[in-house]
Every structure is written in structure tokens, then in C-alpha cells.
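Residue-level listing of the chains:
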Amino acid sequence: MSSLSRELVFLILQFLDEEKFKETVHKLEKESSFFFNIRYFEETVTNGEWDEVEKYLSGFTKVDDNRYSMKIFFEIRKQKYLEALDKGDHAKAVEILRKDLKVFSTFNEDLFKEIAMLLTLQNFRENDQLSKYGDTKSARAIMLVELKKLIEANPLFRDKLQFPSLKNSRLRTLINQSLNWQHQLCKNPKPNPDIKTLFVDHTCGQPNGARAPSPVTNQLMGPLPKVGGFPPIPGPFQHAPAPLTTSLAGWMVNANSVPHQAVSVGPMGLTPPNNAASMMLKRPRTPPTNNPALDYQTADSEHVLKRSRAFGLPEEVNKLPVNILPIVYPGQSHAHSSNSADDLPKTVVANLNQGSAVKSMDFHPVQQTLLLVGTNIGDISVWEVSSGERIEVRNFKVWDLGACTMTLQASMVNEYTASVNRVMWSPDGNLFGVAYSKHIVHLYAYHGGNDLRNHLEIDAHVGGVNDLAFSHPNKQLCVITCGEDKAIKVWDAVTGVKQYTFEGHEAPVYSVCPHYKENIQFIFSTAVDGKIKAWLYDNMGSRVDYDAPGHSCTTMAYSADGTRLFSCGTSKEGESFIVEWNESEGAVKRTYLGLGKRSVGVVQFDTAKNRFLVAGDEFKIKYWDMDNVNLMTSIDADGGLPASPCIRFSKEGTLLAVSTSENGVKILANTEGIRQMRSMENRAGASSKAPIIGTFGASGSAAGPSVGADRNSPMGAMISLNGDSRNLPDVKSRISEEMEKSKIWKLTEISEQSQLRSLRLPDSLLSVRIIRLIYTNSGSSILALAYNAVHKLWKWQRSERNVTGKATAAVPPQLWQPSSGILMTNDISETNLEEAVPCFALSKNDSYVMSASGGKISLFNMMTFKTMTTFMPPPPAATFLAFHPQDNNVIAIGMEDSSVQIYNVRVDEVKTKLKGHQKRVTGLAFSNALNCLVSSGADAQICVWSLDGWEKKANKFLQIPSGRSSNPLAQTRVQFHQDQTQFLVVHETQLAIYEASKLECIKQWAPRESSSAITDATYSCDSQSIYASFDDGSVCVFISAGLRLRCRISPTSYMPSNPSSRVYPLVITAHPTEANQFALGLTDGGVHVMEPLEAEGKWGTVPPQENGTGPSMSHAPAAQDNSSR
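Residues numbered from 1 in each chain as written. Predicted model: local features only at pLDDT ≥ 70, side-chain atom pairs only at ≥ 80, totals over all residues. Heavy atoms only, no water.

Given a rise of 1.5 Å per residue, 16 residues ought to cover 22 Å, and the 23 Å separating the end C-alpha atoms of helix α1 (residues 3-18) matches this to within 8%. All buried positions along α1 are accounted for by Ser-5, Val-9, Phe-10, Leu-11, Leu-13, Gln-14 and Leu-16. Where α1 is buried, its residues contact α2 (22-32) and α9 (170-185). Phi turns positive one or two residues past the end of α1, at Lys-20, with a value near 65°. (Helix = DSSP H or I, 4+ residues; strand = E, 2+ residues; numbered from the N terminus. Expected span 1.5 Å × (residues − 1). Buried < 20%, exposed > 50% of the residue type's maximum accessible area, 1.4 Å probe, protein only. Contact = heavy atoms within 4.5 Å.)

Structure, rendered in C-alpha cells:
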């Protein structure tokens, strides 16, 4: 259907709505699937008209279209099911389960079983996750909020939620215009024509006198516009396909002009073959700048709204990104909110002295005040702009020159320097990429603070790498690069394997802009000759070939919600352009005014959320409202800007970074940004690196001193052998500061109960030593396994004192037991408990726990405590359990006989048996990123297994510290870091960090020979800290980067002193979302939850950074960190 025919449908919808044809309106909405009426959807959901709800939805999506659609239908059918249960209509509930919910068992059988089990409960509110379910009305309202978020995020709905902004009775007006024109064409027009039909063209009868005047005041079907204001145009609506206009042809594929397969034509032009897709032409032309605008929408926003997991849904579905777009209903005018200049970040609040010319910047997507900077000498720095502290800096260096191409090696011999062309964070902020002017791209893994690690080095292009960007084709994080060799390449961001190469540009490729719309992933690329092309993730060639305004070096960017496309470029003559594109036409929608005609260099620009554009031009910062082509305002930021400064908004648009001519960066803020900066400054304490300006005045106020050196002092530089150029005072101040830190830092010792928050959980059951301990994934419960094979479950409830319902030391939980009074007890028949190695594993949705205490493995329902099944009777006995990360029906089982069995619960079958250990297996950990399983055993050996064929990839024995003897049956446990590439090894003699891909020990920490043994250790939920327990009752908190001790907690701070009994923690576990909370399981059967004081917020202070980067080993007594420096 043509775009005009589509618009006709909207006019008909408006007409039907005005004429009160309500049922017909909604039928047309559904059958055309052009407009999803969210108001009507709300009414039907609120009224519980479930059949109509699904019938209306079916016009727009099906259950299995995508994850969003699946969850939408699931929520609706689950609500219908719960309402039937609430009414006591079990027959209806069974029917809904069989007809409506059964479809979801294909995707998650555990989920379906869990829902079915609600039939066995007297009241489904006995289910912990449904305990807060209120009445039907409130439950529907809560569900409706979730449904709206899912619909607004679903790519299939994204361009169907906004009704066009139309004047009232637009269809009547158009008909009146047509009738007036027909009347003007009459040879003998009457003054008051009697028009009785629209089925044929109007003509007046034979003349009885002179020509009548134009009926400008005669209302034929309503208000009439002036005749003569409408040029003669043919009827716009075609029943047969109309020939393509010139402008449209510029974007359509000419089958004879491209060597690859032609695809059916549609509005977007970026979809795979045979999928109702369209392609855009390889026909060079300059798009007209006055082309009429047509609205367009895209798929997902890059920003996501985080929500807590809903009951009974798979984790991957519950982590769906959600974006909330404005919804406009029929009859409403779709007007943008007015954008005020006061919302712009214009106040200079900080000056950062980088020390070399800034080439590229990017704010962290989550930590809004974290800025990544790259320079002309290859330096990269991570700055905390609120305090002005440079958290980490790296100089340009090829990590493995021998693995690079000979071309790069030769260029490095001549000149071992390179400039940074682009820095960019990954969407989650866990990685960032650096594109250099020589061949290579570096990817770094960032885990907070100064924990920055080399991740990948890619010899990407011949010559310079001009740009890079991250994308998620096929749900896999990739990095896209382009370069002087005229190519665009796509690389796996985890492994560095090249996945695609796109060739077709005739000049060096200047920039890339990946995006996706309606589930279609694509990449825009621009070359230095002004050519713009678009590519799908295939090998079918470019889908687009057209020219940027002025044939300029151009960068492209979408608005934050992904609905609007902009570009900015500068021609060889120095003329710059910022334009908005109409994607459906491939034409310029609007050209913004105010850029210089003789720009120096290529003008950089950025977008802020969905409101503002900014560019650095003519020694100024220039701002535009996206909906107004005229310049909104411009400022000089207190002067000192280069002709075309580098510029970057924070993700929320509250901060703006701009490069200065003195090798620095200025940070500008709006009111919210100032509040942000002050909040972070107060949290971090006073900083001596770059003082925030004392008075946040107008942009014309005097700026505070820049960091590291006086502006008027000569810029004395220090040149190192690798081409590093730095400001000398900055280096001196940094060295002296580090020395000062090392002098004044002191290990935090906690020995009094008043120095922390600690809670011993209430327990009415037999107190027996705790062997295993874990938080539930929701963070609201703690599950313990005692020596006597009994499980204990504590649950925190929402209350005025605990509004989140999460585990906390401030409010005691309830030791939970079902009304039946049964306990979850493992099989221990014919088991010697002293020799048993208890183990358990929790399902992702907290519904089941798999557990063993030397006997059979039991599967328990966490809601009812009932034993679902038992399997695998000994010998050999299970000693460790771990769910496969991609399939809950597959578990890895470490065995007493030193094997690892891969067991499929659904078919009750051992798929394979892994042999490599010499003693019992005591630890298992999966890595999705590396597609591997790491096992550890009482033989102090670590093995790495591939998940593809289950073959052993590597193995290594722990290095036992000299002078230490190890228990021959001492357990060795493993746990992956959040990055899934490094893992923690816990042994009674040591803690160690290993790189999984190489099975290389990066860092090892060991207590002194005379000190207590380590009983357990775990990463915090953010992997920034490691909590370790010792058999003297103490707990130590380490910085995970470098295993540096930052805090020691004495047993006297959380347990009463009792010389007659030796009580200490056997196990330790970390809260899944609160990074500073952990729990201990003690030998006396107690479980303690530990948190720092609210005033402190964290455990101790960060120790000074140690020098050196290579693998090292450090020893320390339990009371003192003695890491090597």
C-alpha cells in the first residue's frame, strides 16, 4: 500500500471516530494494522474482555513474533488464569491452562509446570511471588502498566502508537477542496451549486447569465478554504500501483542496476530478502533539501527501563529493554513539548587538563559523570568529571606486535605513535573501544573504579581506523569498524573474530552508524567523498547509494529514542551542514541554519535525548531544537575553544563535554547536571585533581583553575620514548599524590558491633552447622543447607521499614515454612555425613532447588517444599551442582569419583562424563562469554571444558604457597567474574584470579603461614569486591582488581565472645544486587547478614594502586594486607 493510501486510512479512521462508528473504527485499526489504539486496549483490559483483547492484538502481532509479543500474550493469559483461580473456577482455569498457556511450554517447560502447580494450592497467594496479588481491579491495573511498556518497546508497534496530528474533519476539508475545484472548472458555474452526490464529478447546468462568482463562502461539506489557493492536481489515490516518482526512485532498487538479488519494495528499505522488505537504490543523487516531511518510527531505544523480574518468566524475557514513547490518540494534536534554552547544559562546572589534544570523547551510558577521552598522541583516559579525577590513563602501545600484519609492523618501526580517531563505550558500559590512526582497534573491559583491563587487540584495517561503533546483530555484541582501506568490518566483541566485510565505497570510509528498525539490523556508512551507503548483516552489497549535502565528510546519528536520523558534515570548501533525514524517502527532511561557511576541520555534532542538537563551530558551541531549523543559541563557554571543538553530550543530556585549545576538556551542565555533579562530589568527598567551580553561575562567569597547570604557564611537555607527551606539572602532581596516598592509607579494621550493621537470622529449628548458603536471585530470601541435610529458608517481607522487600540487616526476616510443616530434607539413607560433601543449586526463577547431602539428588519445589523427584543414587555421590546457563534442564554434576557428569533432567539421562580430575570435584562454573565450563577439585586442579564438544581445553594445578601444607581433601571452588572471562579460585591456602581463556594466574593472595585458613570466598554482585571468611572467625574484604585488602572484620564485631567455643563462618554468599551486603553461615548453625554502616556506605577505603601489571603473588596475615608493590 502506498504512503498516500496509508494516510487515507488515517483520514477514514478520524472520520469514523468523529461520526461515532466505534466498532468500525477498531475493526479498521485492527485490519489495517496502521494504528494501535492504546486507549481502546486499556478499556478492554480494564474490563477484562480477554477475547476482544487478544482479537485486537492479533491484528498487530502473534505470540511467537518476538520476545516482547510473547510476554504480552503471556501476561494477559496469566491474568485470565489467575482470575479463574481466584473465583474458584478450576474447570475454567484448566481450560485456560490447556488452550492458552500450553503454547509457552514450548519455550519454557519449567515455567508451564510452575503455573500448572498453582492449581494444587488452596489459594495461589500462597506462592511467595504472588503473595502481594490484590483484588482483580488492582491486578489488572498493575498488569496494564507492564503491557503498555512492552507494547511501546515492541518493534512491531513502534510506528503504530502515534496517530498523525490532523486538523479536525480533515477528510471533509479535502472533499470540500475537491468540490470547490470541480466547481471552478465548470464552464458555467452557478452561485449556489446543489451538490447531491460524491460518486461522480460535479458539473453545473446550462448557463442563464454571466459566470457566477466563486463560492468562497458556500459550505459544501463544512468549512471551505479559499478557491485559487489549491493548484490543479490529479487525484492522489491510486487503485493500481502508480509509477515511481523521481524522489522515490532514488531510494528504490533498480533490479538491473545491482548485481545482487532484488527484493520487494516497502517503506523502509533495510530488510532481508523474502521478508516483505524493501531496498534502497544504488543510484547516486543529491537529495532535495525541501522535500516534504513524512513521519517515521524505528525500533528499540538504546536506553532501557530496568524493572524487577515478574513472577514465573524466563530471565531472558524479563530483561527486555523497554522504552516509553509519547502516545497520541485520535483527536489529539501531536505537539512536541516546548524546549527551553534553560534545559541546555551551558554552565561551565569543571575543567580537565588532558595534556594533549582531545580527538574523541564519550560519556559512560550508566555512570553519567564518567568520561572517556582519546587524544592525538594515542592516550586514553577515564575521568570522573564530578571530582575532576583522572581515574585511569593508558598510553598507545601495540599489545602483541608479533601477531600484527607486516604492514603495521613496518609502520611501527618508522614511527611508534598513533592518534585516537574514536573512543566509544559499549551499550552496557562494560567495554569500550578505541580506533587508532594506524590499523588497530583496542577493546578494554571496564569493571568500575580503576579496574581497566586489556580485552582485545584487532588489526582491523590497512591504514587508519576512522570510526567504530557497537551493535547487537543476532543478539551478539559486535564492534563495527571502518577505515582508509574503504572497507567496513564487523567483529565479535568477545572473541575478536571477523564476521562480515562490506566493500563498495570508492573512497576511505569516514564513519559508521548502526541501527535497527522493526527487527531489521543495518549499518549506515559514509565516505570522505560524501557517499552514504547502507548495509544489512549479509554479503549482498550496499542497499543505499546517495550523496550527503555538499558531498561532505559526514557523521550520522539517531535521536536517543531511535526515531529520527540526523547527519552533520563539512565539505572540502569548509561549508558545514546539519540535516534531518526522511528515511522513508531517502531525502533531507530539514536543514538547520547557523553553521559557518568556512569551517576549520570537520564539524562534530551530537544529539541530546530527543530534543536538542549541538555542534562545535566557529570557536563556539551551537545549539538547535530538533523541531526548529533556526539556531537556538550559541555560547563560547568562557572562551578557549578551538575552531571546531570536539563535543559530546552525556546520555541524559544534562552534561556536555567540549575540548579546549589548551589540550583540556570543559564540562558544562544544566540545572539537573549541576545537581548530579554536586551529588557525586559529596559522595566522593573533596577532590584535589580538578576543583569544581565554587559558584555555579552563568556561562559567562569566570572559570576555576584548570587541572594540573596554570593556564598562563608555559606548557612544558615531557616526551617519552614511545611518543607520550604530557604536561609536566600534571605528572608531578600525580606522582606526589600517589606517594601521599600510600603514606596515609590505612587498612580499615572493624572490631566493634557499633562499626557495622549485623543481623543474626531468627531460627526456631535445630541449630546445626551451615554447610551451604545462597541468596535467591530476587534478593529477598536466603537459603541455607545444614549439616543434617535440612534446608532453611528466610524471607523478607515488604513493610514500612523495608519498602523494597529485599534482604537487609535492618529488618529481621521470617523463617519460612509451608502450612504443611514439612521440611526440605535431602536423602541421607546409607550416608556417612562426616564424609559427605553437601551441595545445591538454585533455578534462575527461584522456583526449584536441586540438592544433595551425600545421597540421592533431590529436586524441591521452593513454594511448597515438596520433593519433586530424586535421582542418581550413590555411589558415586554428587559433590557439586551447577545449572547449564542456556538450558535449565541440563545440569553439570561434580562427583565423588572425580568425574563431571552432564545430566539432562528432562530425559533422565547422563549425556556425557568428563574425566580429568584425580579427586572429588568441588567446584563448577559456566561462562557464556567463553562457552566453557571450569571445574575444580580436591586435587587442587583446575580444568577448562568446551561446551560444544565437552572436550578438555586446558588444565592446571594450583601453586600452593611455599611453607603451607594443604589438607589432601581441601575443597577448591571457582566463581566467574561478572565479565565471564576471569574467575576466582578459592582454596584454604589462597585466593587467586585466573584468566580463563589462557588458564593463567593473574594474581594470588595467601595468608601468612601462621595465619588462619580460608574457609570460603565470593565475588560481590558487581565483582568489584571479594568477601573471604577465615577459620578464626574474621572476614576480609578485598578489591578484586589486584586482590588488595581494604577491610578486615573481626569476629567480635558480629558475635559475642565465648572462649569456650570456637565458632567461625564456613560459607559466605553475596547479595545479588546490593554490592556491599553479604551473609555468613556459621559452625554453630547461625546465619548472619552483614552490611556497612549507612553513613559509610562501603567497606573501608580503597588501598593505593600497586605498580606493575604482571602476574604476582602476595602474602598477608589475616589482619594485614602485605601485597607486593
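The next point concerns unusual backbone geometry. With an omega of -5°, the peptide bond between Pro-874 and Pro-875 qualifies as cis. By secondary structure assignment, the location of Pro-875 is in the loop between β40 (867-871) and β41 (878-884). Of the consecutive residues Pro-875 and Pro-876, the connecting peptide bond is found in the cis state with omega at -10°. Mapped onto the elements of the fold, Pro-876 is located in the loop between β40 and β41. Positive phi outside glycine occurs at Ser-898, with the angle close to 80°. Mapped onto the elements, Ser-898 comes out in the loop between β42 (887-895) and β43 (899-904).

Right, let's talk about the packing of helix α4 (residues 50-57) against helix α5 (residues 67-86) for a bit. Interaxial distance between α4 and α5 falls to 11 Å at its minimum, and their mutual angle equals 170°. Accordingly, the angle class assigned to the pair α4 and α5 is roughly antiparallel. Taking contact as the criterion, the partners of Trp-50, Val-53, Glu-54 and Leu-57 in α4 are, on α5, Ile-72, Phe-73, Ile-76, Arg-77, Gln-79, Lys-80 and Glu-83. For the contact of α4 with α5, the class distribution of residues is 6 nonpolar, 1 polar and 4 charged. (Axes fitted to C-alpha atoms, helices over the stretch in contact; angles between N-to-C directions. Parallel < 35°, antiparallel > 145°, perpendicular 65-115°, else oblique. Nonpolar A, V, L, I, M, F, W, Y, C, P; charged D, E, K, R; others polar.)

Let us now look at the packing of aromatic side chains. Tallied over the entire structure, the rule returns 31 aromatic pairs. Centroid distance Trp-399 to Tyr-444: 5.3 Å. Interplanar angle 85°. Geometry classified as edge-to-face. Placement of Trp-399 in the loop between β5 (389-394) and α12 (406-414) and of Tyr-444 in strand β8 (residues 440-446) is noted, with a sequence separation of 45 residues between them. Here Tyr-444 falls in the buried class, since its relative accessible area comes to 1%. (Phe/Tyr/Trp six-rings, centres within 6.5 Å; stacked < 30°, edge-to-face > 60°.)

As a further point, take the nonpolar core. Judged by nonpolar contacts, the single largest core of 43 residues is most densely connected at Phe-36, Phe-41, Leu-57, Tyr-81 and Leu-101. In contact with Leu-101, other than residues within four places in its own chain, are Phe-74, Arg-77, Lys-78, Tyr-81, Ile-96, Phe-112 and Ile-115. One finds Leu-456, Val-465, Leu-468 and Tyr-500 within the second-largest nonpolar core, a separate group that totals 29 residues. (Core = buried A, V, L, I, M, F, W, Y, C linked by side-chain atoms within 4.5 Å.)

Below, the discussion takes up the pairing of β40. Sheet topology places strand β39 (residues 857-861) next to β40; 4 bridges connect them, and they run antiparallel. Counted as the bridge partner of Leu-859 is Thr-869 from β40. Following β39, the chain reverses through 5 residues before pairing antiparallel with β40; Phe-865 in that reversal takes a positive phi of roughly 70°. (Pairing = 2+ DSSP bridges.)

Attention now moves to the pattern of salt bridges. Pairing between side chains becomes possible if they bear opposite charge and their charged atoms approach one another. If you walk through the whole model with that rule in mind, you get 39 salt bridges. Taking the shortest distance from any N to any O, the salt bridge between Arg-453 and Asp-451 comes out at 3.0 Å. The class for Arg-453 is buried, based on a relative accessible area of 13%. Residue Arg-1062 is joined to Asp-1031 by a salt bridge in which the shortest nitrogen-to-oxygen separation is 3.6 Å. Placement of Arg-1062 in the loop between β56 (1044-1049) and β57 (1065-1070) and of Asp-1031 in the loop between β54 (1025-1030) and β55 (1035-1039) is noted, with a sequence separation of 31 residues between them. When its relative accessible area of 55% is taken as the criterion, Arg-1062 is described as exposed. Sharing partners across several salt bridges, the network here consists of Arg-564, Glu-580, Lys-589, Arg-590 and Asp-627. (Salt bridge = Lys/Arg side-chain N within 4 Å of Asp/Glu carboxyl O.)

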